[in-house]
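# Fold and contact review
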Amino acid sequence: MRQLVEEVFDDLLDWLEWAHERRTLAPLNLITQGSDNITGVDGLREPDGAMCNVQGGRYEQADNGVVYDCPGSDPVSGQPDGPGCDAIFNKSTCKLTAYNIGQTSMVMMELLSLAELADVIGRPEGAMLRSRAAFLANQTRESLWDAGYQTFASRFASGVCPRNLTLCDDATGFLRRISPTSVWPMLSGTATDAQWRR
């Protein structure tokens, strides 16, 4: 087993570095979804034109649900970014404008797991991985806990819901869609005792 971990460790670390560099969203630097703008590489442009647009960002979420639907967006007809998508997708960064509770929790758990593997094979990255996981945990506890719904939830970075977006609390910017990812911070040990009891 040790040999397998040694063989895949750098690839797993590369994935987490990519997520850190390409999917963190300011100002809290939590994880969001996105759609990179990769051009000039044969075979990478998807038939629906999902490069650097809201549809590509939707593809990175678990269920491609209606949370990020915006007026005028219709990927089937070749219009993945309608005029109402500007508030939920930033074309200059190629990222959605909400912190995603599921993606943040997943990356946090992967950081902690890879830190343990680093310890097993004697790699020095364990401390850095734990530090990043602790940062995400603190930010999640403080900023992605929806006190109104008493659960963890995704939230728009601006703290304001985009116009005409359903399932969003206008006062806080929280997406009001409870899903299995809402409990992931509890699985990763992120939730406080008070949050657990809710």
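This section reports on the structure supplied with the text. Remember, it's a predicted structure, so these values are computed and weren't measured experimentally. (Residues numbered from 1 in each chain as written. Predicted model: local features only at pLDDT ≥ 70, side-chain atom pairs only at ≥ 80, totals over all residues. Heavy atoms only, no water.)

The next subject is the overall build of the protein chain. For the protein chain, the helix and strand inventory stands at six helices and eight strands. Looking at the 198 residues of the protein chain, the share that counts as buried comes to 45%. A fraction of 59% describes how many contacts in the protein chain between residues 6 or more apart in sequence connect residues 24 or more apart. Summing over all exposed atoms, the protein chain offers an accessible surface of approximately 10,200 Å²; the carbon and sulfur share of this is 54%. (Helix = DSSP H or I, 4+ residues; strand = E, 2+ residues; numbered from the N terminus. Buried < 20%, exposed > 50% of the residue type's maximum accessible area, 1.4 Å probe, protein only. Contact = heavy atoms within 4.5 Å. Areas by Shrake-Rupley, 256 points an atom, 1.4 Å probe, with all protein chains shown as cover.)

With that out of the way, let us pick up the nonpolar core. Judged by nonpolar contacts, the single largest core of 26 residues is most densely connected at Phe9, Leu16, Val107, Leu111, Leu114, Leu129 and Leu136. Contributing elements (two or more residues each) for this core: helix H1 (2-22), strand E2 (30-31), helix H3 (101-121) and helix H4 (126-143). At eight residues, the largest contribution of residues to this core is made by H3. Excluding residues within four positions of it along the chain, Leu129 makes contact with Leu13, Leu16, Leu111, Leu114 and Ala115. If you look at the next biggest cluster of nonpolar residues, it comprises 13 residues, including Ile88, Phe156, Cys168 and Leu175. (Core = buried A, V, L, I, M, F, W, Y, C linked by side-chain atoms within 4.5 Å.)

A separate point is the environment of Ala147. Examined against the element boundaries, Ala147 turns out to sit in the loop between strand E6 (145-146) and strand E7 (151-152). The exposure class of Ala147 is partly exposed, given its relative accessible area of 49%. Considering only alpha carbons, one finds Ala147 and Gln195, 48 residues apart in sequence, at a separation of 9.2 Å.

Glancing now at the packing of aromatic side chains. Tallied over the full model, the rule gives two aromatic pairs. Note on Trp15 and Trp18: the rings are 5.4 Å apart at their centroids and 25° apart in plane angle, and the pair reads as stacked. Here Trp18 and Trp15 lie together in helix H1, a separation of three residues that amounts to about one turn. With centroids separated by 4.9 Å and ring planes inclined at 70°, the aromatic side chains of Trp145 and Phe152 adopt a geometry described as edge-to-face. As far as the burial class goes, Trp145 and Phe152 line up, both buried. (Phe/Tyr/Trp six-rings, centres within 6.5 Å; stacked < 30°, edge-to-face > 60°.)

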